[in-house]
Amino acid sequence: MKTFIIKIDINSIKKNSDAGMDTFAVLGRKTIGSDGSSSRHIQIVRSLIPIPDYSFEYLDCIVECSLCSEHFSYKELLDGDYECDEDTNICPKCKKSNCCVLTFETLDQKTGLIIPLRILNSN
Ligand SMILES: [Zn+2]
């Protein structure tokens, strides 16, 4: 099966000014007191994933289905049932799952540099 490397768009890498923030305030319901004054309850919400130091986007990549040999963007690949890991990377043409292997580049969140991939050559 062919492995395709999905590269990070170097021009899309940007440092987040609010990195590390994992809490934010949400305005709650407004309550009206008996004297007519109103106050708002403020709720502090903790996000599950703190904002990373750097954000980025991936470049598009044309992949090839190992079963029907069709070419298409990796973004066109379909996902199956999330409870079944094997039912992923479904070919949009022949609808077979695991039609290719994708390897995504990752970013070092400390330095903002792309981590070099160790190329796994299966063939
Ligand atoms: Zn296919």
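Residues numbered from 1 in each chain as written. Predicted model: local features only at pLDDT ≥ 70, side-chain atom pairs only at ≥ 80, totals over all residues.

J.: Outline the overall build of the chain, supporting the account with residue identities and numerical values.
T.: Within the chain one finds 0 helices and 10 strands. Taken from the N to the C terminus, the helices and strands of the chain come in the order β-β-β-β-β-β-β-β-β-β. Compactness check: the chain gives a C-alpha radius of gyration of 22 Å against a globular reference of 14 Å for 123 residues, more than 25% above the reference. Counting only C-alpha atoms and orienting by the principal axes, one finds that the chain spans roughly 75 × 35 × 20 Å. The buried share among the 123 residues of the chain stands at 4%. Taking contacts inside the chain between residues at least 6 apart in sequence as the whole, the part at least 24 apart equals 56%. (Helix = DSSP H or I, 4+ residues; strand = E, 2+ residues; numbered from the N terminus. Rg over C-alpha atoms; globule rule 2.2 N^0.38 Å. Buried ≥ 20, exposed ≤ 12 C-beta atoms within 10 Å, placed from the backbone. Contact = placed C-beta atoms within 7 Å.)

J.: I'd like a description of the domain arrangement of the chain, backed by residues and values.
T.: As a measure of interface size, the accessible area lost when the parts come together is often cited. Each assigned domain of the chain is listed with its residue range as follows: domain 1 (1-16 + 52-123) and domain 2 (18-51). A straight line from the C-alpha centre of domain 1 to that of domain 2 covers 38 Å. (Domains from an automatic or database assignment.)

J.: Any chance you could break down unusual backbone geometry for me, citing the residues and the numbers?
T.: At Lys95, a residue that is not glycine, the phi angle is positive and equals roughly 65 degrees. Along the chain, Lys95 falls in the loop between strand E7 (71-73) and strand E8 (101-104). Unusually for a residue other than glycine, Asn98 sits at a positive phi of about 50 degrees. Turning to its location among the elements, Asn98 is positioned in the loop between E7 and E8. Classification of Asn98 by C-beta neighbours within 10 Å gives partly exposed; the count is 16.

J.: Mind laying out the pairing of strand E4 (residues 38-46), listing which residues take part and the relevant values?
T.: By the criterion of burial, E4 is predominantly exposed, with just 0 of the 9 residues buried. Here 8 bridges tie strand E3 (residues 23-32) to E4, and the two strands are oriented antiparallel to one another. Among the inter-strand pairings, Ile32 is bridged to a residue of E4, identified as Ser38. The turn joining E3 and E4, which pair antiparallel and follow one another in sequence, is formed by 5 residues; a positive phi near 95 degrees is taken by Gly36. (Pairing = 2+ DSSP bridges.)

J.: How would you summarise the environment of Glu64 if you had to cite specific residues and measurements?
T.: In this structure, Glu64 sits in strand E6 (residues 62-64). Among the residues examined, Glu64 registers 15 C-beta atoms within 10 Å and is labelled partly exposed. Not counting chain neighbours up to four residues away, the residues in contact with Glu64 comprise Lys2, Ser69, His71 and Cys100.

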